[in-house]
Structures are given as C-alpha cells and as structure tokens.
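Each chain is listed here by its residues.
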Amino acid sequence: MKTIRTITVQTHDHGPVIVREPSWCLGDHPDGGNRSDITHTGRMVQLTLGGQTMLASAQLAQWPYSVRSRVPFVAVEFADGEHEYDPAELQALSAALTEFASITLPLVGDLLQLAIETEEAGHAARHA
Ligand SMILES: [Zn+2]
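Residues numbered from 1 in each chain as written. Predicted model: local features only at pLDDT ≥ 70, side-chain atom pairs only at ≥ 80, totals over all residues.

Draft legend 1. Summary view of the environment of Tyr-65. If you trace the backbone, Tyr-65 turns up in the loop between β5 (53–62) and β6 (73–78). We classify Tyr-65 as partly exposed; it has 17 C-beta atoms within 10 Å. Each C-alpha atom, one on Tyr-65 and one on Gly-27, is 16 Å from the other, the two residues being 38 residues apart in sequence. What Tyr-65 contacts, discounting residues up to four positions off in sequence, is Arg-35, Ser-36 and Ile-38. (Helix = DSSP H or I, 4+ residues; strand = E, 2+ residues; numbered from the N terminus. Buried ≥ 20, exposed ≤ 12 C-beta atoms within 10 Å, placed from the backbone. Contact = placed C-beta atoms within 7 Å.)

Encoded structure:
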C-alpha cells in the first residue's frame, strides 16, 4: 500500500494548507506565501561545462494550486550570455549536451505518467 505523504504549509491567503507531497518532490515549502505559490520540485539536473560553467538546468516541477495548470512539468533554464569554445571545449560541450539529453529525455515518460496520475487524482477528488 502506498503511503501518502502530506505537509502543512502556512499561507498568507488560506491559512494552514495540507498539501499532498509527491514522492519525487525534494523541494522546500516555506511558510508565508500565497497558496498558489506552493511549488513541488524534483531533483535538479545541470548541464555544465568543465564542471564549473552552468549552461542549463532542468527539474520536474508542479504548482499544485495554480489557477492555470496543476499538471507536473519539466522546468528548463538556460544560462544567458555567449560562450566561446575551442575544439576541445566544443567536444566537451557536445558530450555534456548528450548526457543532459540522456537524463532529461526519460523525464518525458515520467511526465506522461504523472499527468495521468494527476488527472486520476483530480477525477477521484471530484467524485469523492
Ligand atoms: Zn513538494
């Protein structure tokens, strides 16, 4: 039997809100914001060059009380600016991009499953 984890977040606009915590969430849920600010975030995957220059990051995320969409998604952030590469650095970039894709692309399957589970949970809540 699956254990359902919950947390309580003190919100500015709705007081204490009991939130169902998805198994993939590693994020903090600070008190004091609005209920719609509550965000679930998963493990961050980073694309770096030479282990230092951060080029992009990706992580599973969800706004469970959003007025727009409550379905989990992958947030991808790219670093600003232009970077110069010599041939060796370009090869390293290519390898890093390949690794980044190999980690982030499987998240597509996770997203599809999470979208189904979110829809089923919403359906069950509407008919409870
Ligand atoms: Zn969470």
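Draft legend 2. A look at the pairing of β5. Looking at chain direction, strand β3 (residues 40–41) and β5 are connected through two bridges and run antiparallel. When the bridges of β5 are listed, His-40 appears paired with Gln-62. Judged from the five bridges that link them, strand β4 (residues 45–49) and β5 form a sheet pairing that is antiparallel. By the bridge assignment, Leu-49 is partnered in β5 with Thr-53. Hairpin connection from β4 to β5: three residues lie between these consecutive antiparallel strands, with Gly-50 at a positive phi of about 65°. Where β5 lies against β6, six bridges are found, and the strand directions are antiparallel. Counted as the bridge partner of Ala-58 is Val-76 from β6. (Pairing = 2+ DSSP bridges.)

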